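Examination of the molecular architecture
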Amino acid sequence: MKCGAKSSTMRTSVVRGLSFSAALALTLNPALVPVIAADYRPVAPVAADGQMNARFLSLGIGKSIVIDLPRDIKDVLVADPKIANAVVRSAQRAYIIGASVGQTNIVFFDSAGQQIAAYDIAVKRDLNGARAALKQILPNSDIQIDGLGDGVVLTGSAVNPLEAQQANDLAARLAGGADKVVNSIVVRGRDQVMLKVTVAEVARSIIKQLGIDLSANLNYGTSVVSFTNANPFTALGKNLVDGNNLTTKFGATPSVQATLRAMESAGVIRTLAEPNLTAISGESATFIAGGEFPVPAGYACDPTTHVCTTQISFKKFGISLNFTPVVLSEGKISLRVMTEVSELSNENAITLSQAVTSSSVNSLTVPSIKTRRAETSLEIPSGGAMAMAGLIQEQTKQAVSGLPGLTQLPVLGALFRSRDFVNNATELVVIVTPYIVRAVAQKDLSRPDDGFAAPADPQADLLGNINRLYGVPGRTEPGRNYRGTYGFITD
């Protein structure tokens with residue numbers, strides 16, 4: 001047993017000595033190392049797989065490399081010929097050809113059965129064309145593309161989100177679907193876009209109402225005949241001339257009473273809203289300035305006490321802005337914009353009544369909402385303005401009411417009819433202006449309340465001032481230079 005142990009130890013030492021001698025000989029004699037005449041990509045030695053270090057080779061599908069070996073080739077082992085294959089054209093030269101995506105290894109042996117060289121082969125998609133296309137299409141970006149199994153990986157940096165998306169689309173077309181693309185591109189510059197929206201509206205209305213109401217009492221002996229002619233105004237849907245009447249009575253018996261109702265009204269409404277909002281390119285931003293008003297949503301009754309309570313829900317109104325900007329190129333912006341201006345109105349309001357007791361009734365008036373809304377997508381340069389939406393509307397209503405037959409008389413017919421005339425005209429425009437903006441110092445900005453101070457008691461009580469006054473009378477304040485227009489003007 002001891003002799004066997006010594007023999008085993010001696011064999012181990014001999015093997016280790018031979019391995020060290022072989023490594024030393026390969027180091028001192030470069031001619032014994034396998035030579036790759038033409039390679040697809042640079043190779044590097046990896047961990048040992050057997051008696052010799054296996055070298056890693058990356059191939060594209062349909063690509064080949066030429067390998068020169070130090071000794072004559074007797075046998076070749078290909079683990080998976082469907083992925084890569086080896087063709088021996090001479091005693092010391094072989095060709096390795098990539099067939100399909102995958103990984104395999106190839107080992108070369110000499111006539112004594114000794115391993116000459118071993119290669120770990122990774123066959124990937126041929127990405128040289130994709131690399132050249134990325135350099136040509138996106139010269140300002142530094143994007144790399146590499147294979148990963150049957151997919152691809154995108155790394156590096158892009159100038160803006162649009163170029164990153166273009167690289168992703170190109171890789172998806174190459175790989176056969178977006179699910180085979182791993183996008184790790186970092187966008188270098190995240191541009192910030194400020195959107196200024198101007199909603200301007202002017203509404204004009206003209207209302208004219210003119211009518212005559214007649215009433216008469218005629219006596220014929222013991223008979224009394226009463227005549228009444230009241231003509232309503234129907235074009236507007238309501239009467240505006242209550243209290244603006246002229247009444248005349250003729251005669252004692254019989255008597256005729258005439259009431260002249262006349263009204264002329266002209267009004268104008270100006271609405272201006274300018275919401276401003278800033279967002280990062282590719283991200284959405286929302287702005288709302290307004291409120292909520294209660295609206296009855298139904299009744300809930302307790303089955304035990306039979307007491308019903310009104311359920312209330314809230315509806316929003318005011319100025320809202322929602323937009324998503326994407327900076328396409330230098331100074332060019334793609335926008336998805338939704339803006340809305342709404343206000344309470346009594347035009348279509350409804351009144352709800354509920355009996356509390358037999359003698360009292362509670363009433364609730366629910367107003368309506370007048371809304372101007374626009375939603376669209378557009379492209380516009382930075383600093384440029386575009387009319388996103390516009391409306392010119394004119395509505396005319398005219399109605400004549402009276403007693404049939406008598407209203408057609410040439411002159412006297414005016415005594416038996418009323419005329420109602422309504423003309424409404426509306427002009428609305430929505431203008432959007434995007435800007436590519438950068439952060440500024442606080443000192444370069446101005447707030448609406450800059451310079452405001454509450455007045456002292458003597459100024460408020462004796463002079464009636466609502467804010468404190470500065471400066472000496474007759475002295476001119478020095479001019480100030482501002483970069484841009486800031487704050488608000490209050491009349």
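That block above? That's the structure.
The notes below deal with the structure included here. (Residues numbered from 1 in each chain as written. Predicted model: local features only at pLDDT ≥ 70, side-chain atom pairs only at ≥ 80, totals over all residues. Heavy atoms only, no water.)

**Side note on the overall build of the chain**
When helices and strands are counted, the chain shows 4 helices and 24 strands. The buried share of the chain, taken over its 491 residues, is 28%. Long-range contacts, defined here as pairs at least 24 residues apart, represent 63% of the contacts in the chain between residues at least 6 apart. Per element, the accessible surface of the chain, about 31500 Å² overall, is 55% carbon and sulfur. (Helix = DSSP H or I, 4+ residues; strand = E, 2+ residues; numbered from the N terminus. Buried < 20%, exposed > 50% of the residue type's maximum accessible area, 1.4 Å probe, protein only. Contact = heavy atoms within 4.5 Å. Areas by Shrake-Rupley, 256 points an atom, 1.4 Å probe, with all protein chains shown as cover.)

**Section: the nonpolar core**
In terms of nonpolar packing, the biggest core is built from 22 residues, with Leu195, Phe323, Leu335 and Val337 touching the most fellow members. Elements represented by at least two residues in this core include exactly β14 (192-220), β18 (276-280), β20 (308-329), β21 (332-355), β22 (361-381) and β24 (417-437). Setting aside its immediate chain neighbours within four residues, Val337 contacts Leu195, Leu321, Asn322, Phe323, Ala374, Glu375, Thr376, Met388 and Val432. Ile73, Ile106, Phe108 and Ala117 belong to the second-largest nonpolar core, a separate cluster that totals 19 residues. (Core = buried A, V, L, I, M, F, W, Y, C linked by side-chain atoms within 4.5 Å.)

**Description of helix α3 (residues 161-175)**
For the α-helix, the turn length of 3.6 residues means that residues three or four positions removed from each other point alike. Helix length check: α3 (15 residues) gives 21 Å between terminal C-alpha atoms against 21 Å at 1.5 Å per residue, within 8%. Within the sequence span of α3, burial applies to Glu163, Ala164, Ala167, Asn168, Ala171, Ala172 and Ala175. Next to the buried residues of α3 lie α2 (128-137), β10 (142-148), β11 (151-158), β12 (181-183) and β13 (186-187). One or two steps after α3, the chain reaches Gly176, where phi turns positive at roughly 95 degrees. (Expected span 1.5 Å × (residues − 1).)

**Considerations on the environment of Asn465**
Relative to the helices and strands, Asn465 resides in the segment after α4 (457-463). For the pair formed by Asn465 and Ala454, sequence separation is 11 residues and the distance between their alpha carbons is 9.2 Å. Leave out the neighbours within four places in its chain, and Asn465 touches Pro455, Gln459 and Ala460.

**Some remarks on the packing of α2 against α3**
At a closest axis distance of 11 Å, the pairing of α2 and α3 adopts a crossing angle of 155 degrees. In terms of orientation, α2 and α3 fall into the roughly antiparallel class. Our pair here, α2 against α3, has a crossing hand that is right-handed. Contact residues: α2 offers Ala130, Ala133, Leu134 and Ile137, while α3 offers Gln166, Ala167, Leu170 and Leu174. Split into classes, the residues belonging to the contact of α2 with α3 amount to 7 nonpolar, 1 polar and no charged. (Axes fitted to C-alpha atoms, helices over the stretch in contact; angles between N-to-C directions. Parallel < 35°, antiparallel > 145°, perpendicular 65-115°, else oblique. Left-handed = near helix turned anticlockwise from the far one by under 90°. Nonpolar A, V, L, I, M, F, W, Y, C, P; charged D, E, K, R; others polar.)

**Let's talk about the packing of aromatic side chains**
Aromatic ring pairs are reported here in terms of the distance separating the ring centres and the angle at which the planes meet. This structure, assessed with the given rule, holds 2 aromatic pairs. Where Phe108 meets Tyr119, the ring centres are 6.3 Å apart and the plane angle is 80 degrees; that geometry is what we call edge-to-face. A residue pair is termed long-range when its members are at least 10 positions apart, and Phe108 in strand β8 (residues 102-109) and Tyr119 in strand β9 (residues 115-124) qualify at 11 residues. The two residues Phe108 and Tyr119 agree in class, both being buried. Between Phe293 and Phe317, the aromatic rings sit 6.0 Å apart at their centres with planes inclined by 55 degrees, giving tilted as the arrangement. Residue Phe293 is located in strand β19 (residues 285-301), and its partner Phe317 is located in strand β20; the two are separated by 24 residues in the primary sequence. Among the residues examined, Phe293 registers a relative accessible area of 7% and is labelled buried. Residue Phe317 is classed as partly exposed on the basis of its relative accessible area of 23%. (Phe/Tyr/Trp six-rings, centres within 6.5 Å; stacked < 30°, edge-to-face > 60°.)

**Re the side chain of Arg372**
Topologically, Arg372 is positioned in strand β22. The exposure class of Arg372 is buried, given its relative accessible area of 10%. With near-sequence residues (within four places) excluded, Arg372 lies in contact with Glu201, Thr271, Thr339, Glu340, Val341, Glu343 and Leu428.

**What about the pairing of β14?**
Two strands pair when backbone bridges link them, and β14 and β18 are joined in this way by 5 bridges, in the antiparallel orientation. Note that in β18 the partner of Leu195 across the bridge is Leu277. By the bridge criterion, 20 bridges tie β14 to β24 in an arrangement that is antiparallel. Counterpart to Ala203 in the pairing with β24 is Thr426. (Pairing = 2+ DSSP bridges.)

**What to know about the pattern of salt bridges**
Evaluation of the coordinates by the stated rule reveals 11 salt bridges. The partner of Arg373 in a salt bridge is Glu340, and the shortest N-O contact between them spans 2.7 Å. One end of the pair, Arg373, is in strand β22; the other, Glu340, is in strand β21, with 33 residues separating them in the sequence. Between Asp444 and Lys443 there is a salt bridge, with its nearest N and O atoms 3.4 Å apart. One salt-bridge network, in which partners are shared between bridges, spans Glu201, Glu343 and Arg372. (Salt bridge = Lys/Arg side-chain N within 4 Å of Asp/Glu carboxyl O.)

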